[in-house]
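This is what each chain is made of:
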Amino acid sequence: MSKLISDKTKAVFLGPLSKNNPITVQVLGICSALAVTAKLEPALVMGLSVTIIVAFSNVIISLLRNTIPNRIRIIVQLVVVAALVTIVSEILKAFAYDVSVQLSVYIGLIITNCILMGRLEAFAMGNKPWESFIDGLGNGFGYAWILVVVAFFRELFGSGSLFGFQIVPQAMYDAGYVNNGLMILPPMALILVACIIWVHRARNKELQEK
Amino acid sequence: MSNKLRKFVDKLKPHFSKGGKFEKLHSVFDGFETFLFVPNTTSKNGTHIHDAIDSKRTMIMVVMALVPALLFGMFNVGYQHYLAIGQEVGFWDKFLFGLLAVLPTVVVSYVVGLGIEFIIAQIKGHEIQEGFLVTGFLIPLIVPVDTPLWMVAVATAFAVIFAKEVFGGTGMNIFNVALVTRAFLFFAYPTFMSGDTVWVRVGTTFGLGGGSVVDSYSGATVLGQISVSPTSQVALTDITGNPLGFWDGFVGLIPGSVGETSVIAILLGAVLLLFTGVASWKTMFSVFAGGALIALLFNLFGPDTAAAHFPWYNHLVFGGFAFGAVFMATDPVTSARTETGKWIYGALIGAMAIIIRVLNPGYPEGMMLAILLMNIFAPLIDYYVVEANIKRRLKRAGNK
């Protein structure tokens, strides 16, 4: 443990942000990406919640990794994730009630988010707590930035606002501009995610399938 | 004439070839040249049988088949306008009003669509593909006359990029591009694509027409009137309150999207398409048959609503049913390609369209959604038809 942040740790953190992004490359967690991205605020809160939960559940599972019997590991992982999700959900209800209402069931559904189980199985079960924590942060942020970008375009073109503040001026509405109703509907989130994947693969040729 | 044109094109050619002044515009030049003259290049190896008409000639045939619907649509736009404001004017005044009202949409759809096609062809080094000739003509015919032009532009751009180019361009698209344009408009700007204020232009067009509408005016389409009717029996009216029947729907002097109202004009196009063999009569016929059958079933056993009681023969002439059956369902790229598959594909489109109309009050017209839905299933239908054929022949071979 010479350096706190070694090159390997750095790679663990940066990988999921781009070349190994949970949404655009592994195509996990799409369901919630469609559901919560109609507005920026819930998308941001959702991204942060997932980041916190995946980071800390990674740490806890990594600490327990040598004592968990292999045959019941999924149950143990679920218990840990469910406990963290409940804590986050209660905190949101207490301190950000409006957002928690907007997110409705999707906070609870983080338990079933494939990114979490994927990271626990693929990384935390075989790595030390510090690396697991960094890996959780990286994947959480990788998930969060896609959500924020999608929500940015959906809220801007669908509602004409950002974080609830009106951005498109009234003069444009007077001139005949109309908000795009399709942006509010989930299919458009899918198309926007597809666009991000398109740009991403065009810039990273090694990701393109033959 | 044609010789002179040939010489002129040949004279220009070196400028657009490699090393010429306008090398960058090669694909544009190539597109125009092959549009004017059938290319005389032949395949270099193997034996190929070429059809006498290539896809540019096929597309032009479809455009010509659409002309009656467009001309009638233009006249009808003017007719509805002067009916709404209660003025008596001559035939040419009505036509001129409609011409000026519809022409901007045609121009916008072609400029945006072809512009994107040219740019993408240039980037990828392709030839310019001709598929947009038909799409650009269809778009103005399937939208209400009052659709704002910028919306048409946005929707056309969306459809050309996401429904066509990302799949590989002309001939590779899964969905009918013109219908994706309409679907985009329908879901993105619902207030401009449905309701009872968008189908008739009551304002002026380039200074022509205009005035206050007559007292009895109501701009709802027939299918719109049915979907909002509280009782199961509904008296259909035109925009000034006169009763409407089957023959009004057949002739088409009723409010609706520009090209969809007149079954006569659509049938003229259908005759040309069938005569030249561009469209399949099996698909066309089975759409009408499937729609008629399901509508008849609803008439006999359906729920007690106006849409279910709407006579089956009326279902076929009102709304976009006939237009969709003739020009959209038969699109050779997105429809089923096996002969048996065409029957199944067409019948399911007709059936779905009527089911959506009758059972979903949110969508008075189901033709667009029915065709888009069946576009997805066309390859699956073909797959099972081919598999069944293979099985049958294997069995026959095994019996010997």
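Residues numbered from 1 in each chain as written. Chains lettered and ligands numbered in written order. Predicted model: local features only at pLDDT ≥ 70, side-chain atom pairs only at ≥ 80, totals over all residues.

(A) How the structure looks around the overall build of chain B. The secondary structure content of chain B amounts to 17 helices and zero strands. When the backbone C-alpha atoms are referred to their principal axes, chain B occupies close to 70 × 70 × 35 Å. The buried share among the 400 residues of chain B stands at 44%. Long-range pairs, those at least 24 residues apart, make up 72% of the contacts in chain B with a sequence separation of at least 6. (Helix = DSSP H or I, 4+ residues; strand = E, 2+ residues; numbered from the N terminus. Buried ≥ 20, exposed ≤ 12 C-beta atoms within 10 Å, placed from the backbone. Contact = placed C-beta atoms within 7 Å.)

(B) Broad picture of the overall build of chain A. Across its full length, chain A carries 11 helices and two strands. Helices (α) and strands (β) of chain A occur, in sequence order from the N terminus, as α-α-α-α-α-α-α-α-β-β-α-α-α. Taking 210 residues into account, the globule formula puts the C-alpha radius of gyration at 17 Å, and chain A, at 19 Å, falls close to it. In terms of overall dimensions, chain A has C-alpha extents of about 65 × 45 × 30 Å along its principal axes. Per-residue burial over chain A gives 37% buried out of 210 residues. (Rg over C-alpha atoms; globule rule 2.2 N^0.38 Å.)

(C) Spatial organisation of the nonpolar core. Counting residues in each nonpolar core, the largest one holds 149 residues, and the members touching the most others are I53 of chain A together with I349 and I371 of chain B. The greatest single-element share of this core, amounting to 13 residues, is contributed by helix α3 (residues 55-84) of chain B. If we ignore the near neighbours within four places in the chain, the residues touching I371 of chain B are N176, L179, G324, M328, A329 and I349 of chain B. (Core = buried A, V, L, I, M, F, W, Y, C linked by C-beta atoms within 7 Å.)

(D) Representation of unusual backbone geometry within the structure. Positive phi, normally seen in glycine, also occurs at F163 of chain A, with a value near 50 degrees. With respect to the secondary-structure elements, F163 of chain A resides in the loop between β1 (161-162) and β2 (165-166).

(E) The arrangement of the packing of helix α6 (residues 149-164) of chain B against helix α7 (residues 177-188) of chain B in detail. All names here are of chain B. Contact pair α6 / α7: the axes reach a minimum separation of 8 Å and the direction vectors enclose 130 degrees. Considering their axes alone, α6 and α7 lie oblique with respect to each other. By crossing handedness, the relation of α6 to α7 is classed as right-handed. For the pair α6 and α7, the contacting residues are M151, A155, T156, F158, A159, V160, A163 and K164 in the first and V177, V180, T181, F184 and L185 in the second. In terms of residue class, the contact of α6 with α7 is built from 10 nonpolar, two polar and one charged. (Axes fitted to C-alpha atoms, helices over the stretch in contact; angles between N-to-C directions. Parallel < 35°, antiparallel > 145°, perpendicular 65-115°, else oblique. Left-handed = near helix turned anticlockwise from the far one by under 90°. Nonpolar A, V, L, I, M, F, W, Y, C, P; charged D, E, K, R; others polar.)

(F) Representation of the environment of T305 of chain B within the structure. Secondary-structure assignment places T305 of chain B in the loop between α12 (281-301) and α13 (306-309). In this structure the C-alpha to C-alpha distance between T305 of chain B and G241 of chain B, which are 64 residues apart in sequence, comes to 22 Å.

(G) Fine view of the environment of V333 of chain B. Residues and elements named next belong to chain B. As for its position among the elements, V333 is in the loop between α15 (321-328) and α16 (339-359). Owing to 18 C-beta atoms within 10 Å, V333 belongs among the partly exposed residues under this scheme. Taking the C-alpha atoms as reference points, V333 and V152, separated by 181 residues in sequence, lie 23 Å from one another. Not counting chain neighbours up to four residues away, the residues in contact with V333 comprise G171 and N173.

(H) Geometry of the packing of α3 of chain B against helix α5 (residues 132-141) of chain B. Residue and element names in this part refer to chain B. Contact geometry of α3 with α5 gives a least axis separation of 9 Å together with a crossing angle of 15 degrees. Taken together, the axis directions place α3 and α5 in an arrangement best described as roughly parallel. Seen along the crossing, α3 lies across α5 with a hand that is left-handed. The residues of α5 that touch α3, namely those facing M59, I60, V62, V63, L66, A69, L70 and G73, are L133, V134, F137 and L141. When its residues are assigned to classes, the contact of α3 with α5 shows 11 nonpolar, one polar and no charged.

(I) Spotlight on the environment of G219 of chain B. Residue and element names in this part refer to chain B. Relative to the assigned elements, G219 resides in the loop between α8 (190-193) and α9 (222-228). Placed 132 residues apart in sequence, G219 and Q87 show a C-alpha to C-alpha distance of 16 Å. Non-local contacts of G219, meaning those with residues more than four positions away in its chain, are made with D196, T197, W199, V200, I239 and P255.

(J) Highlighting the confidence of the model for chain B. With 93% of its residues at a pLDDT of 70 or more, chain B has an overall mean of 86. For this predicted complex, the interface score ipTM comes out at 0.82, alongside a pTM of 0.86. (pLDDT = per-residue confidence, 0-100.)

(K) Focus on helix α7 (residues 114-122) of chain A. Residues and elements named next belong to chain A. Regarding α7, the residues found buried are I115, L116, R119 and L120. Down the axis, α7 shows its buried residues gathered within 125 degrees of arc, on one side only. Close packing links the buried residues of α7 with α3 (40-64), α4 (73-95) and α8 (129-159). (Arc of directions from axis to C-beta.)

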